[in-house]
Every structure is written in structure tokens, then in C-alpha cells.
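Letter by letter, the chains look like this.
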Amino acid sequence: MPRQRSSFPHSPRPSWLAAGAIYLFYAAVVIRTLALEAIRPRLLIYLSLEFLYLVVFSLMLWRPAQKLALRQVYFLLQALVVFGLQALRLRFDFLILLYIPLCFQAALLLGGRSRWIWVGIYLLLSCVPLTFALGLLQGLAVALLPMTACLIFPAYVVVNQELEGAERASQAMLVQLQELNCQLESYAGHVEQLSALQERHH
């Protein structure tokens with residue numbers, strides 16, 4: 001039986017520019033963590049969870065698991081890590097920036113509906129705790145900009161993948177046309193040879 005093609009990319013790699021932009025969100029969270037006086041009593045817990053997030057994120061970004069099940073477990077683990085940080089104090093809105101790299105990564109590692117399911121989960125985790133802690137309007141106002149980024153980054157990845165797919169299809173079609181042209185030229189040569197032989201016989 002022929003192998004079925006997987007619906008997700010096997011070894012996706014982001015460009016260095018995109019990776020740099022994504023790591024800036026993480027850096028912003030760490031700097032804000034260090035700057036807030038209210039975090040000092042639990043600073044070690046915050047930094048430990050943020051470091052765990054960074055290590056697991058980087059491993060999956062540069063050496064992604066080949067099995068879809070492991071990728072799904074990864075996104076669940078990261079959701080628990082970030083929500084664990086949020087749960088320490090729901091009013092700390094800057095922590096939801098950590099969902100932006102995960103949405104970007106979901107578009108890289110998953111395909112079809114699966115990527116958008118995880119993006120939707122991260123959007124809810126970005127919004128619901130803040131609306132609970134700050135109230136509906138203020139929570140939405142604070143979460144809206146990061147939520148927009150959570151949509152823009154995976155959309156960028158999907159569009160880029162579609163453009164690359166179209167380019168590969170165009171290249172494959174060009175190769176086929178070149179092969180067909182060679183076959184036609186060869187056929188035309190044979191026809192000329194046959195015509196020449198017929199003229200000699202006449």
C-alpha cells in the first residue's frame with residue numbers, strides 16, 4: 001500500500017528574521033518579569049517556568065518532533081506552562097505574549113484544522129483569564145492587541161507555505177513542459193528522417 005502523505009510539515013524551519021521577531025516576545029516577558037516589584041516574592045517560580053518554556057520551545061522550533069502525537073503533546077504542555085504562569089496572578093497581562101510564539105509555531109508544525117484549533121485555544125487562554133480578573137471590557141482591551149498578533153503570525157506562515165507550494169508546482173510544470181518539448185523535438189527529427197528516406201526511395 002502507498003504511504004499516505006502527512007497533513008503537516010515534517011521538518012519546518014523558520015527564517016532567522018522570523019525567529020528573531022518571535023524571540024523578542026519572550027525577551028519582553030522576561031524583562032517585564034524582572035522589572036515588576038510585585039513578582040519579587042515568586043520571582044524564582046516565574047523565571048523557572050519561563051526558562052522551561054524557552055527550552056522546550058527552542059527544541060521544538062529547531063529540532064521538531066516527526067510524530068504528530070508528540071507535537072500535540074508539546075502544545076498542550078506549553079499551554080499548561082503559560083497558564084500556570086497566568087494562574088500565579090491573573091492580572092499580569094504581559095504573560096499572554098507567550099501565546100504569540102506558540103501560535104506561530106502551531107502554523108509551522110501542524111496542518112489543516114489542527115493548527116487553527118490550537119490558535120483558537122491560545123486566543124481563549126489569552127482573553128478569558130484577563131476578563132475574569134479585570135472585567136469584560138478592560139480584559140478585552142488589554143488582550144486585543146496580543147490576540148491580533150496571535151492571528152497575524154500563523155496567517156503569515158500559512159500564506160508563505162501556500163506561495164512556496166505554488167512555486168514548487170510551477171517548477172514541476174516547467175520541468176514537464178521541457179520534457180514534453182524534448183519529446184516533440186525528437187519526434188519531429190524522426191519524421192524528418194522518415195521523409196528523407198521516402199524521398200530517396202522515390
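Helix and strand content of the protein chain: six helices and zero strands. Walking the protein chain from its N terminus toward its C terminus, one meets helices and strands in the order α-α-α-α-α-α. Considering the protein chain as a whole, with its 202 residues, one finds that 36% of them fall into the buried category. Sequence separation of at least 24 residues holds for 76% of the intrachain contacts in the protein chain that already meet a minimum separation of 6. Looking at the protein chain as shown, the accessible area adds up to about 12900 Å², and 67% of this sits on carbon and sulfur atoms.

In this section: the pattern of salt bridges. Scanning the model with the defined rule gives one salt bridge in all. Note that Arg 40 and Glu 37 form a salt bridge whose closest N and O atoms lie 3.9 Å from each other. The exposure class of Arg 40 is partly exposed, given its relative accessible area of 41%.

A word on the nonpolar core. In this structure, Tyr 53, Phe 75, Tyr 99, Leu 102 and Tyr 122 are the most contacted members of the largest nonpolar core, which totals 50 residues. Secondary structure elements with two or more residues in this core: α1 (16-35), α2 (43-62), α3 (68-88), α4 (99-109), α5 (112-134) and α6 (136-201). With nine residues, the top contributor of residues to this core is α4.

Moving on, we get to the packing of aromatic side chains. Applying the stated criterion across every chain yields a total of twelve aromatic pairs. A ring pair is formed by Phe 25 and Phe 153, whose centres lie 5.6 Å apart and whose planes are at 85 degrees; its orientation type is edge-to-face. Of this pair, Phe 25 sits in helix α1 while Phe 153 sits in helix α6, and the two are 128 residues apart along the sequence. Taken as a pair, Phe 25 and Phe 153 share a single burial class, namely buried.

A large share of α4 lies buried, amounting to eleven of its eleven residues. Taken together, the buried positions of α4 are occupied by Tyr 99, Ile 100, Pro 101, Leu 102, Cys 103, Phe 104, Gln 105, Ala 106, Ala 107, Leu 108 and Leu 109.

Below, the discussion takes up the environment of Val 157. Locating Val 157 in the fold gives a position in helix α6. In this structure, the C-alpha to C-alpha distance between Val 157 and Leu 108, residues 49 residues apart in sequence, is 6.7 Å. In this view, Val 157 contacts Phe 104, Ala 107 and Leu 108; residues no more than four positions away in its chain are not counted.

Examined against the element boundaries, Ser 58 turns out to sit in helix α2. Those residues within four positions of Ser 58 in sequence are excluded, and the remaining contacts are Tyr 23 and Arg 63.

Over its 20 residues, α1 extends 28 Å from the first C-alpha to the last, a length consistent with the 28 Å expected when each residue adds 1.5 Å. For α1, the complete set of buried residues consists of Ala 18, Ala 19, Ile 22, Phe 25, Tyr 26, Val 29, Val 30 and Thr 33. Down the axis of α1, the buried side of the element spans an arc of 130 degrees, and every buried residue falls inside it. Structural note: α1 exposes Trp 16, Leu 17, Leu 24, Ile 31 and Ala 35 on the side pointing more than 90 degrees away from its buried face.

This part takes up the packing of α1 against α4. Interhelical geometry of α1 versus α4 gives an angle of 150 degrees and a closest axis separation of 8 Å. As far as their axial angle goes, α4 and α1 are roughly antiparallel. Counted together, Ala 18, Ile 22 and Phe 25 of α1 and Ile 100, Pro 101 and Phe 104 of α4 form the full contact between these two elements.

Definitions and limits used
- Residues numbered from 1 in each chain as written.
- Predicted model: local features only at pLDDT ≥ 70, side-chain atom pairs only at ≥ 80, totals over all residues.
- Heavy atoms only, no water.
- Helix = DSSP H or I, 4+ residues; strand = E, 2+ residues; numbered from the N terminus.
- Buried < 20%, exposed > 50% of the residue type's maximum accessible area, 1.4 Å probe, protein only.
- Contact = heavy atoms within 4.5 Å.
- Areas by Shrake-Rupley, 256 points an atom, 1.4 Å probe, with all protein chains shown as cover.
- Salt bridge = Lys/Arg side-chain N within 4 Å of Asp/Glu carboxyl O.
- Core = buried A, V, L, I, M, F, W, Y, C linked by side-chain atoms within 4.5 Å.
- Phe/Tyr/Trp six-rings, centres within 6.5 Å; stacked < 30°, edge-to-face > 60°.
- Expected span 1.5 Å × (residues − 1).
- Arc of directions from axis to C-beta.
- Axes fitted to C-alpha atoms, helices over the stretch in contact; angles between N-to-C directions.
- Parallel < 35°, antiparallel > 145°, perpendicular 65-115°, else oblique.

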